[in-house]
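Next come the chains, spelled out residue by residue.
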Amino acid sequence: MIKNFLENKKAMLFDLDGTLVDSMWMWEAIDIEFLGAYGYECPDDIQRAIEGMSFSETAVYFKERFDLPLSLDEIKAVWTRMSIDKYRHEVPLKPGVLEFLKYCKENGIRTGIGTSNGSEIVDAVLTSLKVKEYFDAVVTACEVAHGKPEPDIYLEVAKRLGVKPENCLVFEDIPAGIMAGKAAGMPVIAVEDDFSADLMDEKRALADAVISDYRELL
């Protein structure tokens, strides 16, 4: 039973894009628009190439691969501006997220986010979707030594929540994130997402369980 995964768990740890919010399509659209402005077509392998990278690491990758005439700070500023507008107007929560977050709050279960996104973007999406109050800690990959699939980010979220890794449950939508949670010694539930549908077999093999709607846990 999927509900059994909540037993003895004191904290729920979430990725953001594709896990809490339906936004992976948006980042592909931003990459296409951004690279198009500099005369490049967006390569098919770009999303898998940057999977798990922090916001800063992704900027470095883009600058070096496409020889962009922008500083790293300028690249991140453009992405932030482009994404915040879309987050505020076009990105919904994944099915059942609000109900599950309310359940956690009512039952004293701590909640945290471990994301590759920049802090300004995370703040904008949580505020616009009116769920900021439900999270006790937010850690971005820029704050830890290594991005996903290394365990650093989820270990840091657990540390800030004051909860042992074995008492945490991780929710992720991509293989690198699932691997990060498992490497941190935490069970991981994979969240179905249209953007990573072609990776579903890999996700099932890596994760402890799969959900399409958070209400499955309630």
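Residues numbered from 1 in each chain as written. Predicted model: local features only at pLDDT ≥ 70, side-chain atom pairs only at ≥ 80, totals over all residues. Heavy atoms only, no water.

1. Some points on the packing of aromatic side chains
As a reminder, the rule being used: Stacked, tilted and edge-to-face pairs are distinguished by plane angle, under 30 degrees for stacked and over 60 for edge-to-face with tilted covering the rest, among Phe, Tyr and Trp rings (Trp via its six-membered ring) whose centres lie within 6.5 Å. Secondary structure follows DSSP: runs of H or I at least 4 residues long count as helices, runs of E at least 2 residues long count as strands, and numbering of each begins at the N terminus. Think of it in three bands: residues with accessible area under 20% of the maximum for their type are buried, residues over 50% are exposed, and the middle band is partly exposed, with areas taken using a 1.4 Å probe on protein chains only.
The full count for this structure, using the stated rule, is 17 aromatic pairs. Ring centres 6.3 Å apart and planes at 80° place the aromatic pair Phe-14 and Phe-100 in the edge-to-face group. In this pair, Phe-14 is assigned in strand β1 (residues 11-14) and Phe-100 in helix α5 (residues 97-106), connecting sequence segments 86 residues apart. A relative accessible area of 1% means that Phe-14 is categorised as buried.

2. Digging into the packing of helix α3 (residues 55-66) against helix α4 (residues 72-90)
Our working definition: Geometry is summarised by axes, namely lines fitted to C-alpha atoms with helices restricted to the contacting stretch, and by angles between N-to-C directions that run from 0 to 180 degrees. The cut-offs work like this: below 35 degrees is roughly parallel, past 145 is roughly antiparallel, 65 to 115 is roughly perpendicular, and the gaps in between are oblique. Throughout, a crossing is termed right-handed when the near helix is turned clockwise from the far one, and left-handed when it is turned anticlockwise from it by less than a right angle. Note on contacts: a residue pair is in contact if any heavy atoms of the two residues lie within 4.5 Å. As a working rule, the residues Ala, Val, Leu, Ile, Met, Phe, Trp, Tyr, Cys and Pro are called nonpolar, Asp, Glu, Lys and Arg charged, and the rest polar, with Gly in that last group.
Where α3 meets α4, the closest approach of the two axes is 9 Å, and the angle between their N-to-C directions is 110°. Here α4 runs roughly perpendicular to α3, going by the angle between their axes. Considering only the axes of α3 and α4, their crossing is right-handed. Facing α3, whose interface residues are Phe-55, Ser-56, Thr-58, Ala-59, Val-60, Phe-62 and Lys-63, α4 presents Leu-72, Ile-75, Lys-76, Trp-79 and Thr-80. Looking at the contact of α3 with α4 residue by residue, the class counts come to seven nonpolar, three polar and two charged.

3. A short note on helix α8 (residues 175-183)
Three or more residues of α8 are buried, namely Pro-175, Ala-176, Gly-177, Ile-178, Ala-180 and Gly-181. Residues of α8 that are buried sit in contact with α2 (46-49), α7 (152-161), β4 (168-172), β5 (188-191) and α9 (200-206).

4. Some details on the packing of helix α1 (residues 24-36) against α4
How two helices sit against one another is set out by the angle between their axes and by the gap between those axes. Between α1 and α4, whose axes approach to 10 Å, the crossing angle comes to 135°. It follows from the interaxial angle that α1 and α4 lie oblique. Judged by the sense of rotation from one axis to the other, the crossing of α1 with α4 is right-handed. Note on element contacts: α4 touches α1 through Ile-75, Val-78, Trp-79, Met-82, Ser-83, Lys-86, Tyr-87 and Glu-90, opposite Trp-25, Met-26, Trp-27, Ile-30, Glu-33 and Phe-34. When grouped by side-chain class, the residues that make up the contact of α1 with α4 number ten nonpolar, one polar and three charged.

5. Considering the pattern of salt bridges
Under the convention used in this document: Think of a salt bridge as a Lys or Arg side-chain nitrogen and an Asp or Glu carboxyl oxygen that are within 4 Å of each other.
The final tally for this structure, using the stated rule, is 14 salt bridges. Residue Lys-182 pairs with Asp-208 through a salt bridge whose shortest N-O separation is 2.9 Å. Taken together, the residues Lys-182 in helix α8 and Asp-208 in the loop between α9 and β6 (209-211) connect sequence positions 26 residues apart. Judged by relative accessible area, Asp-208 falls into the partly exposed class, the value being 36%.

6. What about the nonpolar core?
Let me state the cut-off plainly: Here, nonpolar core refers to any group of buried Ala, Val, Leu, Ile, Met, Phe, Trp, Tyr and Cys residues whose side-chain atoms link them within 4.5 Å.
Among the nonpolar cores identified, the biggest contains 49 residues, and Phe-171 and Tyr-214 are the most heavily contacted of them. With six residues, the single largest contributor to this core is α4. Sequence-distant contacts of Phe-171, defined by excluding residues within four places in its chain, comprise Met-12, Leu-13, Phe-14, Asp-15, Thr-19, Phe-100, Tyr-154, Ile-189, Val-191, Ile-211, Tyr-214 and Leu-217. Of all hydrophobic cores here, the second largest spans 23 residues; its members include Ala-137, Val-144, Tyr-154 and Val-157.

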